[in-house]
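Residue-level listing of the chains:
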Amino acid sequence: DAAEKAGFETFMLKEIHEQPTAIHDTMADRLHEDGSVDMAELALDDAALARIGKIQIVACGTSYHAGLVGRHLIEEWSGVPVHVEVASEYRYRTCLAGPGDLVIGITQSGETADTLAAMRVARQRGAHVVALTNIMGSQATRDADGVMYTRAGLEIGVAATKTHVAQVVALALLSLKLGRLKWHLTPEGARELASEIAALPGIVSTYLDSDAANDVADVARSYSRRPFFLYLGRHVGVPVCFEGALKLKEISYIPTEAYPAGEMKHGPIALLDEGSPVVCVATDSHVFDKVVSNIQEVKARGAQVIAVATEGNSEIEEHADAVLW
Ligand code: M6R
């Protein structure tokens, strides 16, 4: 079935529509209503997990961006410090991981040479190394002490989509588990997060079937001839921008940059001209007002803002030229 497009124009589009299933299958039988999480394949029992001092994540490309999202979740929910690094750099730096540390190599294929090499370096130093991968029996699973499988099904499109969201979900489960073990989350807090995670497949599915998804196509069409795009976000919106910009480059060949919005005034603002499209992640969060002030700065340069915002937030419409809800 994976080798057929099932009526979709491309494998990428088909795989985008398979995201609800990928998310559901990745959490199925691991996540429980009370906020507990089963992850026996990590090969670390609860006592050892509770003693983890720090976490390092190594990965490339889209998998690296999943790691950056994961850092926010792990640090916020469990208080464990996380360092995320591009695997091709990590492998050539002094490795400071050791016994008592957890190193997670994220690789959809399980075969990316730089990620495998970085995992090997960390393992030689005595860290517990886990492969987060979509492919059973891949090299990463053989080189690691433990595994965390995403269950996204085969991804044929070169641009990673469903495997990326499945990686984020797997990291959310790990964060929840650590948060409980470290007593960083209250039992009620863990239960609440579990129910929010469990609701994700339904939310994504409703979105993909809604008019909002068609509106994205209209916005894409109207901006498709622009020579350059800038993506801006804050907090977890930063890796979302990195990933969005990577997808835009990869699929459209349009030069694109992505920055933490607060960095814009330190140089990148010079790239903006009258009419330059700037995609701003402005979803509801504690940094919303900060993002709105960045939007005002880019508007003052004559740029056009495409905001990615939470449905129902009418304030953003006053500032943006187009909104992707
Ligand atoms: O299989 P991996 O996750 O290790 O692949 C790493 C990157 O090559 C990959 O994520 C790449 O960036 C995406 N396919 C881009 O969409």
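Refer to the structure printed above.
Residues numbered from 1 in each chain as written. Predicted model: local features only at pLDDT ≥ 70, side-chain atom pairs only at ≥ 80, totals over all residues. Heavy atoms only, no water.

Participant: How would you explain the site of the ligand if you had to name every residue and give the values?
Facilitator: Close contacts around the ligand come from 14 residues, with Ser63, Thr107, Ser109, Thr112 and Glu250 the closest. Val158 is positioned with one of its backbone polar atoms (N or O) 2.8 Å from a nitrogen atom of the ligand. Here an oxygen atom of the ligand and a side-chain polar atom of Glu250 are 2.7 Å apart. Protein chains shield 80% of the accessible area of the ligand, which is 420 Å² for the free molecule. (Near = heavy atom within 4 Å. Polar contact = N/O pair within 3.5 Å; in protein donor to acceptor, adjacent residues only side chain to side chain. Areas by Shrake-Rupley, 256 points an atom, 1.4 Å probe, with all protein chains shown as cover.)

Participant: Which residues make up the sheet that holds strand S6 (residues 229-233), and what are the values?
Facilitator: Ordered in space as S7-S6-S8-S9-S10, the five strands form an open sheet in which the pairing is parallel. At either margin of the open sheet sits one strand with a lone partner, and together these are strand S7 (256-260) and strand S10 (322-324). Sheet twist, expressed as the mean angle between neighbouring strand axes with direction ignored, is 20°. Sheet strands in contact with helix H11 (residues 211-223) are S6, strand S8 (277-281), strand S9 (304-308) and S10, and its direction is about 140° off that of S10. The sheet contacts of helix H13 (residues 288-300) involve S6, S8 and S9, and relative to S9 the element is tilted by about 160°. (Pairing = 2+ DSSP bridges. Helix = DSSP H or I, 4+ residues; strand = E, 2+ residues; numbered from the N terminus. Axes fitted to C-alpha atoms, helices over the stretch in contact; angles between N-to-C directions. Contact = heavy atoms within 4.5 Å.)

Participant: Just give me the short version of the pairing of S6, but keep the residues and values in it.
Facilitator: Working note: regular strand, side chains alternate between the two faces of the sheet. The buried fraction of S6 is high, at five of five residues. Side chains Phe229, Tyr231 and Gly233 of S6 all project onto a buried face; the interleaved residues Leu230 and Leu232 project onto the opposite face, where all are buried too. Pairing between S6 and S7: five bridges, direction parallel. Opposite Tyr231, over in S7, you have Ala258 as the bridge partner. With respect to chirality, the unit in which S6 leads through helix H12 (residues 237-252) into the neighbouring parallel S7 is right-handed. Here S6 runs beside S8; their pairing, made up of three bridges, is parallel. Bridge pairing links Leu232 to Cys280 in S8. (Buried < 20%, exposed > 50% of the residue type's maximum accessible area, 1.4 Å probe, protein only. Right-handed = clockwise from strand over helix to strand, strands pointing away.)

Participant: Outline the packing of aromatic side chains, listing residues and values.
Facilitator: Applying the stated criterion across every chain, the model contains zero aromatic pairs. Positioned above the aromatic ring of Phe11, the side-chain terminus of Lys5 is 5.9 Å from the ring centre. (Phe/Tyr/Trp six-rings, centres within 6.5 Å; stacked < 30°, edge-to-face > 60°. Lys NZ or Arg CZ within 6 Å of the ring centre and 35° of its normal.)

Participant: Lay out the packing of helix H2 (residues 19-27) against helix H10 (residues 200-208) in plain terms, naming residues and giving numbers.
Facilitator: One can describe the packing of H2 onto H10 by two numbers: an axis separation of 8 Å at closest approach and a directional angle of 175°. Between H2 and H10, the angle is such that the two are roughly antiparallel. Judged by residue contacts, Gln19, Pro20, Ile23, His24 and Met27 of H2 engage Leu200, Pro201, Val204, Ser205 and Leu208 from H10. Grouping the amino acids of the contact of H2 with H10 by side-chain chemistry returns seven nonpolar, three polar and no charged. (Parallel < 35°, antiparallel > 145°, perpendicular 65-115°, else oblique. Nonpolar A, V, L, I, M, F, W, Y, C, P; charged D, E, K, R; others polar.)

Participant: So what's going on with the side chain of His164? Which residues, and what values?
Facilitator: With respect to the secondary-structure elements, His164 resides in helix H8 (residues 162-181). One polar contact links the side chain of His164 to the main-chain carbonyl oxygen of Thr62, over a distance of 3.4 Å.

Participant: Please give an account of the side chain of Glu85 that cites residues and values.
Facilitator: With respect to the element layout, Glu85 can be found in strand S2 (residues 82-86). Engagement of the side chain of Glu85 in a polar contact is seen with the side chain of Arg93, the distance being 2.4 Å. With residues near it in sequence (within four places) discarded, Glu85 still touches Ile57, Val58, Ala59, Tyr64, Tyr90 and Arg93.

Participant: Which residues make up the sheet that holds strand S3 (residues 102-106), and what are the values?
Facilitator: The strand order S2-S1-S3-S4-S5 describes an open sheet built from five strands, whose pairing is parallel. Strands with a single pairing partner mark the edges of an open sheet, and in this sheet they are S2 and strand S5 (146-149). Between one strand axis and the next, the sheet turns by 20° as a mean value, whatever way the strands run. Running over the sheet, helix H6 (residues 113-124) touches strand S1 (55-59), S3 and strand S4 (128-133) and is turned about 160° from S4.

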